[in-house]
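# Observations on the model geometry
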Amino acid sequence: MPVTLPQLAEKKRLGEPIVMVTAYDYPSAQVAEESSVDMVLVGDSAAMTVLRYSSTVPVSVDELIMLAAAVRRGLRTPFMVADLPFGSYEASNGQAIATAQRFIKEAGADAVKLEGGGAMVERARAIIRAGIPVQGHVGLTPQTAIALGGYKAQGRTAHRALDVARDALALQEVGCFSLVFEAIPAAVSVLVVERMEVPIIGIGAGPATDGQVLVFHDLLGIYDGLSPRFAKRYANVKQDMIAGVSAYANEVRAGRFPAPEHTYSIDPEELESFTARLPEFASAERLARFDW
Ligand code: KIV
């Protein structure tokens, strides 16, 4: 059965950790589905992991919708959240609602996620009032990393930790069903999480959150760009993929692939008839005139 919002809230109440992972296409969605995770995020991290932009900023709504729709086709059970990309929701409540609606209608997402507190709290409220569940995202917000001084942990002074707490509470207040805490000192997380009623999903926010999220390519070792300290690697899939493609290349070059079991047969009489008629193909000109 598909995971629902009440089930996620119940997991928090029972203290059952919530598992979230990103996915960007049909195969990664199927892996998430068969790994029994609770939530899948079509993150704008796709900008870097699959589209090779230098940050999450350039990815467009159309690009993310195409990826999210592919994820939808691979998912049945986990709750699916799609990221609203940079520039697609900040300008006005109308813009935020229109973009969120596209992710629901065109990609089949269950909810959207947006980054930041402050003025973004109003955007979250507007989307929720339009009937779309919203997940907030505070701490390190990669879309505005330049304004934050780079890809750095947030909330490391009392003042900045209070900013994080204030944003989190404001997003909860307007009805966000859950929040992501990214790159926040573990001790700050403990103190904020115990004041929150909605499930808090952490990434680099320590063990006190109600769940964890990791980027698919980081955890499986598919992406070998710079990864943050919280990106624990559980597999080395890129090495396995290189080994597979290299073995294929070696077999083709050595004449070992394809083998008989990879080829199709033809009835010997048909083959004989074909061979007999081959001279009809003496020239390209005759081939063009041939009565198929
Ligand atoms: O885009 C993303 O993958 C994210 C996670 C890091 C939470 O926002």
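Described in the following lines is the structure provided in the data block. Everything quoted here is computed from the prediction, not taken from an experiment.

Residues in close proximity to the ligand total 13 residues, the closest being Gly43, Asp44, Ser45, Asp83 and Lys113. Serine 45 has a polar side-chain atom sitting 2.5 Å from an oxygen atom of the ligand. Lysine 113 is positioned with one of its side-chain polar atoms (N or O) 2.9 Å from an oxygen atom of the ligand. Starting from 260 Å² of accessible surface for the ligand in isolation, the protein chains cover 95%. Classifying every residue of the shell around the ligand gives five nonpolar, four polar and four charged.

Relative to the helices and strands, glutamine 143 is located in the loop between strand S5 (134–139) and helix H7 (158–173). Judged by its relative accessible area of 5%, glutamine 143 is buried. Looking at glutamine 143, its side chain comes within polar contact range of the main-chain oxygen of leucine 84, at 3.0 Å. Not counting residues within four places of it along the chain, the set of residues in contact with glutamine 143 comprises Asp44, Thr56, Val57, Leu84, Pro85, Phe86, Tyr89, Glu90 and Glu115.

Okay, the sheet that holds strand S2 (residues 39–42) next. Around the barrel, eight strands lie side by side as S1-S2-S3-S4-S5-S6-S7-S8; this closed barrel has parallel pairing. For this sheet, the mean angle separating the axes of adjacent strands, direction not counted, is 25 degrees. Where strand S7 (residues 200–203) meets strand S8 (residues 211–214), two bridges bridge the pair, whose relative direction is parallel. Among the inter-strand pairings, glycine 202 is bridged to a residue of S8, identified as glutamine 212. Contacts from H7 reach S5 and strand S6 (178–182) within the one sheet, and its direction differs from that of S5 by about 175 degrees.

Cut-offs and rules
Residues numbered from 1 in each chain as written. Predicted model: local features only at pLDDT ≥ 70, side-chain atom pairs only at ≥ 80, totals over all residues. Heavy atoms only, no water. Near = heavy atom within 4 Å. Polar contact = N/O pair within 3.5 Å; in protein donor to acceptor, adjacent residues only side chain to side chain. Areas by Shrake-Rupley, 256 points an atom, 1.4 Å probe, with all protein chains shown as cover. Nonpolar A, V, L, I, M, F, W, Y, C, P; charged D, E, K, R; others polar. Helix = DSSP H or I, 4+ residues; strand = E, 2+ residues; numbered from the N terminus. Buried < 20%, exposed > 50% of the residue type's maximum accessible area, 1.4 Å probe, protein only. Contact = heavy atoms within 4.5 Å. Pairing = 2+ DSSP bridges. Axes fitted to C-alpha atoms, helices over the stretch in contact; angles between N-to-C directions.

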